[in-house]
Amino acid sequence: MNFFKTAKPFVIAGPCSAETREQVMETAAALSTMQVQLFRAGVWKPRTRPGSFEGNGEQALGWLQEAKQQYKIPVAIEVAEPAHIELALRYGIDVLWVGARTTVNPFQVQHLADALKGIDIPVMVKNPVNTDVDLWHGAIERFEKAGVTNVAAIHRGFSGYSAAAGYRNQPNWPIPIELKRRKPELAMICDPSHITGNRDRIAEVSQKAMDMHFDGLMIETHPHPEEAWSDAAQQVTPNRLKEILAGLIVREEYTQDMSGQMQLEYLRQLMDSLDSEIIDLIAKRMELSEQMALVKKASNLTAYQPGRWREIVETRGERAEAHMLSKEFIVELYEKIHHESIRKQLLVLESLEKEIKK
Ligand code: PEP
Ligand code: MN
């Protein structure tokens, strides 16, 4: 069985950084009495600006080794260079993770994968900072190709220019869901700490991850979060972690309860038939659009007409709101439909053009 599926949820907790021996031991002592499968702590920290605390390096590996022995809890660190892997193995680290700023770089990921050839230690791969599912998928494949059999993906959100919707890193849920569609067996872990950047929202995002069929959670935990040397705003105390875990509702994909399963099947059949109608209607809409292309060509009109697009945004947006649907959602959907419609119109205009030239 995949190491990261041995508990549901599989919980990874511990401080952002291993700051002092006392802090590591105190956190590990508290977590070892809870439903926590793995202790995390950063010993080399990739900081955005120079001059911030960059981790205690090899010295901190010694503290983690001591915590592991004393509290019988496996330990994980972030590695960004082959030299980090070599030291981690020397100090008996059980699990490695690759940070978001490393996953973006295929050269570096390959160096790490090469350093792991013949060493089957579990590896967790954080999503790259940019919204690129292929890059994330590719990094995971590099470790699998190197022979790592226990791989997990960690969803930690994606950077943007501003902290839109109050997140430090945008969750963009369709990206981890797409990765899971491509690799159904992959263990998917959510890191609500780096997504929210805010300890008050950890519970809410953790529950959302459970509702999205995630396998586990990585939650930054510190005995005195406000005094943390890195990521102070997002860490929780071990006691708060205990409350968050106790409040989680863990849901399943399937149920043994036949009446629940049958109701779901019935609703799914209704939904299947609605989806067929939606697709048939879109096909009809595209046919109309092709007819319009002929008229536009004959009257020497552009395929894209800004005034018409403004009208679509306005009227479809209003109709969405009348149905209590989000205007942004419907406008985004229409952006896709309209774009496809224009693409088809351009094809029509172009092929007529060629005929005339012939
Ligand atoms: C971390 O887990 O502390 C960390 C640096 O994460 P990320 O790579 O997601 O920024
Ligand atoms: Mn952190």
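Residues numbered from 1 in each chain as written. Chains lettered and ligands numbered in written order. Predicted model: local features only at pLDDT ≥ 70, side-chain atom pairs only at ≥ 80, totals over all residues. Heavy atoms only, no water.

Draft legend 1. Focus on the site of ligand 1. Around ligand 1, a shell composed of Cys 16, Arg 40, Lys 45, Glu 78, Trp 97, Gly 99, Ala 100, Arg 101, Lys 126, Arg 156, His 194 and Glu 220 is seen. Arg 40 has a polar side-chain atom sitting 2.7 Å from an oxygen atom of ligand 1. Note that an oxygen atom of ligand 1 is positioned 3.3 Å from one of the side-chain N or O atoms of His 194. Considered class by class, the residues forming the shell around ligand 1 number three nonpolar, two polar and seven charged. (Near = heavy atom within 4 Å. Polar contact = N/O pair within 3.5 Å; in protein donor to acceptor, adjacent residues only side chain to side chain. Nonpolar A, V, L, I, M, F, W, Y, C, P; charged D, E, K, R; others polar.)

Draft legend 2. Spatial organisation of the coordination of the manganese ion (ligand 2). With distances of 2.1 to 2.4 Å, the protein atoms coordinating the manganese ion (ligand 2) are Cys 16 (SG), His 194 (NE2), Glu 220 (OE) and Asp 231 (OD). In the primary structure, the donors to the manganese ion (ligand 2) are separated according to the pattern C-x177-H-x25-E-x10-D. Note that Cys 16 is positioned in the loop between strand E1 (10-14) and helix H1 (21-31) and Asp 231 in the loop between strand E8 (216-220) and helix H10 (238-247), a separation of 215 residues in sequence. The class for Cys 16 is buried, based on a relative accessible area of 2%. (Donors = N, O, S within 2.8 Å, 3.2 Å for Na, K, Ca; no water. Helix = DSSP H or I, 4+ residues; strand = E, 2+ residues; numbered from the N terminus. Buried < 20%, exposed > 50% of the residue type's maximum accessible area, 1.4 Å probe, protein only.)

Draft legend 3. Representation of the pattern of salt bridges. Considering all chains together, one arrives at 20 salt bridges under this definition. For the salt bridge of Lys 180 with Asp 215, the shortest nitrogen-to-oxygen distance reads 3.3 Å. Of this pair, Lys 180 sits in helix H7 (residues 174-182) while Asp 215 sits in the loop between helix H9 (202-211) and E8; the two residues are 35 residues apart in sequence, bridging distant segments of the chain. Residue classification places Lys 180 among the buried positions, given a relative accessible area of 16%. Between Arg 308 and Glu 311 there is a salt bridge, with its nearest N and O atoms 3.1 Å apart. With Arg 308 and Glu 311 both in helix H12 (residues 306-322), this residue pair falls three residues apart, about one helical turn. Residue class for Arg 308 comes out partly exposed when judged on its relative accessible area of 35%. (Salt bridge = Lys/Arg side-chain N within 4 Å of Asp/Glu carboxyl O.)

Draft legend 4. View of a negative patch on the surface. Residues Glu 314, Glu 318, Glu 321, Glu 328, Glu 332 and Glu 335 make up a contiguous surface patch of negative charge. Broken down by secondary-structure element, the contributors of at least two residues to the negative patch are H12 and helix H13 (327-357). Position of Glu 314 relative to the elements: it lies in helix H12. (Patch = residues over 30% accessible without salt bridge, like charges linked within 9 Å, V, L, I, M, F, W, Y side chains within 5 Å. Areas by Shrake-Rupley, 256 points an atom, 1.4 Å probe, with all protein chains shown as cover. Lys, Arg positive; Asp, Glu negative; His and termini not counted. Charge placed at Lys NZ, Arg CZ, Asp CG, Glu CD.)

Draft legend 5. Looking closely at the sheet that holds strand E7 (residues 187-190). Taking strand neighbours around the barrel as the criterion, the eight strands line up as E1-E2-E3-E4-E5-E6-E7-E8 in a closed arrangement whose pairing is parallel. Each strand of the sheet is rotated relative to its neighbour by a mean of 25°, with strand direction disregarded. Two elements, E1 and E8, share five bridges in a ladder whose sense is parallel. Within E8, the residue paired with Ile 12 across the bridge is Met 218. (Pairing = 2+ DSSP bridges. Axes fitted to C-alpha atoms, helices over the stretch in contact; angles between N-to-C directions.)

Draft legend 6. Structural context of unusual backbone geometry. Note the cis peptide between Lys 8 and Pro 9, where omega equals -5°. Counting through the fold element by element, Pro 9 comes out in the segment before E1. One non-glycine residue, Lys 72, lies in positive phi territory at about 50°. Relative accessible area serves as the criterion here: at 70%, Lys 72 is assigned to the exposed category.

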